[in-house]
Amino acid sequence: MTISFRGWMRESIDHIRDGDRDLAARLARPAYYLWVGAFLTYSHWSTYGSNIFDSDWDLLVVLDTCRVDAMEAVADEYDFIESVDSRTSVGSTSFEWMNHTFTTDYSTKIKETAYITQNAFTSRVLNGGYTGQTAIPFGPSEYDTVRYEDFGYLEDLWEAEFSDDSEWTVSSNVLSRVHPRYATERTIRAGRERDTDRLAVHYMYPHDPYVLSSEKLQPRFSDALKDGTASREEAWEAYLDHLRFVLDEVELLLKNVDAEQVAITADHGEAFGEYGFYHHPVACPLSCVREVPWVETTATDTESLRPTAPHPESTLTTANVEDRLAELGYR
């Protein structure tokens, strides 16, 4: 976040004066960002949650915004999910998770890791940390994160830009997103070609927007829930459909990478209106956001797929980080 007491006061006063909301809602925001400052300060200096590098794995699959109960709901549909455990995440947003995951304390293991990611926050975090744009009265202004060059290999898939009719794009009448198959194929190629001890892939699914769902849930499901045009059940089913969409890709990945120890997890979960929370705000205390699944399995390369996905830098144009994050609802 932007550490500025004056900025926090100014934004708080503007919010309280907003006559479109009831008084409780207007007072809640300033109070919440006091909590954010306190929690970020605490978690900056104290261990909170489970760092992925404290566990043994050869292949790590990160499913952005995957809840524990969502993974449990679809587990019976996938043979590679024998059981679903849970862990407490080190963050409730992607940038919070990265700040606390890719730290210099784990630089030796990070140096042995190939990280293939669709999450654009790498651009902001791997530069001394990123603290967001909303003003908070106090808190850490930077983090002890590693740099791009400290990874064994890092590929920013979010930079790739494809046309709406590309095989690497999935589209609706409202929006388009990069298909998870793109991450699958780039990860398979890295697994076969890169000489690192660990391989990690960060899929941007089941994170919204729900491109496969009813258009009333696009681009943000929270808008439809708040204005009553969709029910929580409809949003939840759309979310599960997008979880299945990416798990189908994970199933393909596991047949085309050699890994004795595979862990499938998430950076954080997702809120669908619990206690007035939607999505995954920074420092969110809810268990549906803080708790993430942990599934262990194995992978064997049967060479059933020959990847053809282009390197992101070889696409005709590349996306900038602001546009890519805006597509996901970040400003």
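Everything discussed here concerns the structure shown above.
Residues numbered from 1 in each chain as written. Predicted model: local features only at pLDDT ≥ 70, side-chain atom pairs only at ≥ 80, totals over all residues. Heavy atoms only, no water.

J.: Quick question: what am I supposed to make of the nonpolar core here?
T.: Buried together is how nonpolar side chains tend to be arranged in soluble globular proteins. Among the nonpolar cores identified, the biggest contains 62 residues, and L63 and L247 are the most heavily contacted of them. Ranked by the residues each element gives to this core, the list is headed by helix α9 (residues 232-254), at 13 residues. Beyond its immediate stretch of four places on either side in the chain, L63 contacts M71, Y203, Y205, P206, L243, V246, L247, V250, I264, T265, A266 and D267. (Core = buried A, V, L, I, M, F, W, Y, C linked by side-chain atoms within 4.5 Å. Buried < 20%, exposed > 50% of the residue type's maximum accessible area, 1.4 Å probe, protein only. Helix = DSSP H or I, 4+ residues; strand = E, 2+ residues; numbered from the N terminus. Contact = heavy atoms within 4.5 Å.)

J.: I tried to follow the sheet that holds strand β4 (residues 113-117) on my own but got confused; where do I start?
T.: Each strand in a sheet pairs with its neighbour through backbone hydrogen bonds, running either in the same direction (parallel) or in the opposite one (antiparallel). Taking strand neighbours across the sheet as the criterion, the 7 strands line up as β3-β14-β11-β2-β10-β4-β6 in an open arrangement whose pairing is mixed. Both outer strands of the open sheet, β3 (85-88) and β6 (153-156), are each paired with one neighbouring strand and no more. Averaged over all neighbouring strand pairs, the angle between strand axes comes to 20 degrees, with direction disregarded. Examined bridge by bridge, β4 and β6 share 4 bridges and lie parallel to one another. By the bridge assignment for β6, A114 is matched with Y153. Helix-sheet contacts for α9 involve β2 (59-63), β10 (198-203), β11 (259-265) and β14 (291-299), and the interaxial angle to β2 is about 170 degrees. (Pairing = 2+ DSSP bridges. Axes fitted to C-alpha atoms, helices over the stretch in contact; angles between N-to-C directions.)

J.: What is the right way to read unusual backbone geometry from this model?
T.: The bulk of non-glycine residues show a negative phi, and the bulk of peptide bonds are trans. Note that the residue after D208, namely P209, is joined by a cis bond; omega there is 10 degrees. Here P209 shows up in the loop between β10 and α8 (221-227). P219 follows Q218 through a cis peptide bond whose omega is 0 degrees. With respect to the element layout, P219 can be found in the loop between β10 and α8. The phi torsion at H279 lies on the positive side, around 65 degrees, for a residue other than glycine. Note that H279 resides in strand β13 (residues 278-279). On the basis of relative accessibility, which here comes to 9%, the residue H279 falls in the buried class. If you check the backbone angles, A283 has positive phi at about 60 degrees while not being a glycine. In this structure, A283 sits in the loop between β13 and α10 (287-290).

J.: Just checking my understanding: could you explain the side chain of T122 for this structure?
T.: Looking at the secondary structure, you find T122 in helix α6 (residues 122-125). Overall, the relative accessible area of 0% leaves T122 in the buried class. Among the polar contacts listed, one links the side chain of T122 to the side chain of W158, at a separation of 3.3 Å. With sequence-adjacent residues up to four places away left out, T122 is seen in contact with M98, Y115, T117, Y148, D156 and W158. (Polar contact = N/O pair within 3.5 Å; in protein donor to acceptor, adjacent residues only side chain to side chain.)

J.: Is there a simple way to explain the pairing of β14 in this structure?
T.: In summary, the side chains of a regular strand alternate between the two faces of the sheet. Sheet topology note: the β3/β14 ladder contains 4 bridges and is antiparallel. The partner of R87 across the bridge, within β14, is V292. Pairing between β11 and β14: 4 bridges, direction antiparallel. Paired with A259 across the strands is A299, a residue of β14.

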